[in-house]
Amino acid sequence: MLVLGCDAGLFALEKDFTPLPCPLRPVTHVASLGKRLITVDDTHHLLWTGQRVIACDRGLTMLMMLRHHLLTLSGETDALTLWNFDGHRLISAHAGVYPTGMCPLADGLAVCGGAEGKLLLFSLPELHPAGSVAVPGICQQVCPGGRGVYILCLVGHEVPSCLLCRWVLRAQRYQPVAELPGLPGALTPDGFGGCWAAAGEALYHFPAGKSSPDATVSGFGLIHHLTGDGQHLYCCDGLMDACYCVPTQPPYGPILLYRGAAGQTALMETDTKKDAPRKEVRP
């Protein structure tokens, strides 16, 4: 089941727009693991564990659920924080300068160090620093990719652009993949060792081992969050105030799902499998 956090609250996006119980409004961040769902209202610095509302760091840029813990990343406090599911803060670690992205590794965590210009590595669950990889520009997004990770960096001074890089685990340096026009957006794996990268007004697919995209989908503002289920991508666009569904096979034309301030989407396990949404829905 696809779940959308937005200005109107929390909703399940199926054939109809179904509200889900959540005390937060707006819902700016959503994370899921199995049938468990956690949400954040970054406007009021609140986190809902599913059972109670607690205060959290300001300026959250990412929320992630692990098997036994929850991780938050704050670009305002430069803090990476580990919580338990009851909402108790366990450990915090400094994570660069305005960090904006993170992803799990086989034996730890990779965090984008932002303006520090590094991909930072941490152990889990201790959050001990485990190394770093220098990258060009401002390190903004990271996602798994085969035996390594893809990294999206902001480069350029007069004309901003993105550099998509790949880092193979335990290698000494990154490998450039492609330079893309515009500001960096979201980044997500394609499930086959490649990735989908949002930059400027477009969304690009890079197959594993390729330096040129085999698909480009245009017409966006800037996609700030991507969720994929293998057949579809769900794209939250903060500039266009919309959430779109994009098929991962041709034709790639985006389908409008929601018009409004869309925060993030997540996929939750349910007892029955639903078809992907195919038309605009609105509460």
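## Re the pairing of strand 26 (residues 242-247)
Item 1. Judged by how many residues are buried, strand 26 sits mostly within the fold: 6 of 6 residues are covered.
Item 2. Taking every second residue as pointing to the same face, both faces of strand 26 are buried, with A242, Y244 and V246 on one and C243, C245 and P247 on the other.
Item 3. Pairing of strand 25 (residues 232-237) with strand 26, which is carried by 6 bridges, proceeds in the antiparallel orientation. Bridge pairing in strand 26 places C236 opposite C243.
Item 4. As consecutive antiparallel partners, strand 25 and strand 26 are separated by 4 residues, and within that stretch D241 has a phi angle of approximately 50°, a positive value.
Item 5. With 4 bridges joining them, strand 26 and strand 27 (residues 255-259) adopt antiparallel strand pairing. When the bridges of strand 27 are listed, A242 appears paired with R259.

## Here's the deal with the pattern of salt bridges
Item 1. As enumerated under the stated definition, the model contains 2 salt bridges in all.
Item 2. The shortest N-O distance in the salt bridge between D57 and R89 comes to 3.2 Å. Residue D57 is found in the loop between strand 7 (53-55) and strand 8 (60-65), and its partner R89 is found in strand 11 (residues 89-94); the two are separated by 32 residues along the sequence.
Item 3. Under the relative-accessibility criterion, D57 is labelled buried at 12%.
Item 4. Looking at R89, the relative accessible area reads 41%, which means it is partly exposed.

What counts, and at which threshold
- Residues numbered from 1 in each chain as written.
- Predicted model: local features only at pLDDT ≥ 70, side-chain atom pairs only at ≥ 80, totals over all residues.
- Heavy atoms only, no water.
- Buried < 20%, exposed > 50% of the residue type's maximum accessible area, 1.4 Å probe, protein only.
- Helix = DSSP H or I, 4+ residues; strand = E, 2+ residues; numbered from the N terminus.
- Pairing = 2+ DSSP bridges.
- Salt bridge = Lys/Arg side-chain N within 4 Å of Asp/Glu carboxyl O.

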